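Read off the chains here:
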Amino acid sequence: MEFAPIVLFVYNRPELTLSTLQHLSENREAEESTLYVYCDGAKEGASEEQRQLIKQVRDIVHSRQWCKEVIILEATKNKGLATSVIDGVTEVIGRHGKIIVLEDDLTVSPFFLKYMNDGLTKYEHNEKVMSVHGYLYPFKMPADYNASTFLVHDPGSLGWGTWQRAWNKFERDTDVVIAKIKEQGLKAAFDFWGAYPFFRMLHQHKHGKVSSWAIRWRATAYLHDMLTLYPVKSLVRHDGNVASATHHYKEEDWLYTDIYQHPIAVDDIPVKNNLPMEKVFAKFLRANAGMTIPAKIKNRLKKYWRKITGHA
């Protein structure tokens, strides 16, 4: 098997970066894989403390031969995660035709690379399949589901891989994405039927309130009716719920999950959207993400109660 190159995006979190690299290197396939590490640069006016953290991250990246080949690219200026991911994925996938993508706050199973490469090989020429994903929300799987994997529209962004044929469909222009979702009547499904305001995130990105490559990648899946392969056990853990996180910090980390320590077989399953599983995703998000109106009211009341009672 020709193993897909791995791309890791890092910035200023040395402990998380070290954990990601250590766990990645414990995959047997790492010995036969090429690793590209994109190190983002300091923001304009960054403090000396911030610059030291960036330096520590780069020192860690250079400290070991984490994979068979390690190619390190160090930006002199800050590009931000969204631009870094889009540019880095485009560059590497243009060179290799397929890719596995990680960020510096992900811990992976020793069997992550096997699953990812098996999935990328199996579905390489299937135009219906857009990507392979290694993380799974910590919900209880339906008792009547017996396969080791499933396919849904949601492409995810926590440990994923894809091919150039799919990445070529990625649309950077948010105005175009918004217009096409409206034209095709996809807003309800795109929002997981009211469970999470993904469509609003597109508008927030358009107006500069958030910077997200992932929301546009999600739109690609819906606009082209393409699917992503998921394992029934998570091979990735999200460890980025720390106060210094740029894009994600919650008092209660609803994304946290145990890492499955065994192989996940990529067996034959019907190549069609598993709508019941999408409904499970929606139910989980509605219950945990705190983005619905009732959830926001509940959270505000909880904060107000803590304030007046002095309880942490």
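Going by the structure above, here's the rest.
The following refers to the structure shown.

Cut-off values and rules
Residues numbered from 1 in each chain as written. Predicted model: local features only at pLDDT ≥ 70, side-chain atom pairs only at ≥ 80, totals over all residues. Heavy atoms only, no water. Axes fitted to C-alpha atoms, helices over the stretch in contact; angles between N-to-C directions. Helix = DSSP H or I, 4+ residues; strand = E, 2+ residues; numbered from the N terminus. Parallel < 35°, antiparallel > 145°, perpendicular 65-115°, else oblique. Left-handed = near helix turned anticlockwise from the far one by under 90°. Contact = heavy atoms within 4.5 Å. Nonpolar A, V, L, I, M, F, W, Y, C, P; charged D, E, K, R; others polar. Buried < 20%, exposed > 50% of the residue type's maximum accessible area, 1.4 Å probe, protein only. Pairing = 2+ DSSP bridges.

So, about the packing of helix 8 (residues 198-206) against helix 9 (residues 214-223). Two numbers describe how helix 8 lies on helix 9: the axes approach to 10 Å, and their chain directions differ by 130 degrees. Between helix 8 and helix 9, the angle falls in the class oblique. Where helix 8 crosses over helix 9, the two elements pack in a sense that is left-handed. For the pair formed by helix 8 and helix 9, the contact residues are F198, M201, L202 and H205 on the first element and I215, R216 and R218 on the second. Residues of the contact of helix 8 with helix 9, tallied by class, amount to 4 nonpolar, 1 polar and 2 charged.

With that settled, the discussion passes to the pairing of strand 1 (residues 6-10). When you tally the buried positions in strand 1, you get 5 out of 5 residues, the bulk of the element. In strand 1, alternate side chains face the same way, and those of I6, L8 and V10 on one face and V7 and F9 on the other are all buried. Sheet analysis places strand 1 next to strand 2 (residues 34-39), joined by 5 bridges and oriented parallel. Looking at strand 2, one finds that V10 is bridged to C39.

Here we come to unusual backbone geometry. For F192, which is not glycine, the phi dihedral falls at a positive 50 degrees. Within the element layout of this structure, F192 appears in the loop between helix 7 (187-190) and helix 8. At W193, a position not held by glycine, the phi torsion is positive, near 55 degrees. The residue W193 is located in the loop between helix 7 and helix 8 in this model.

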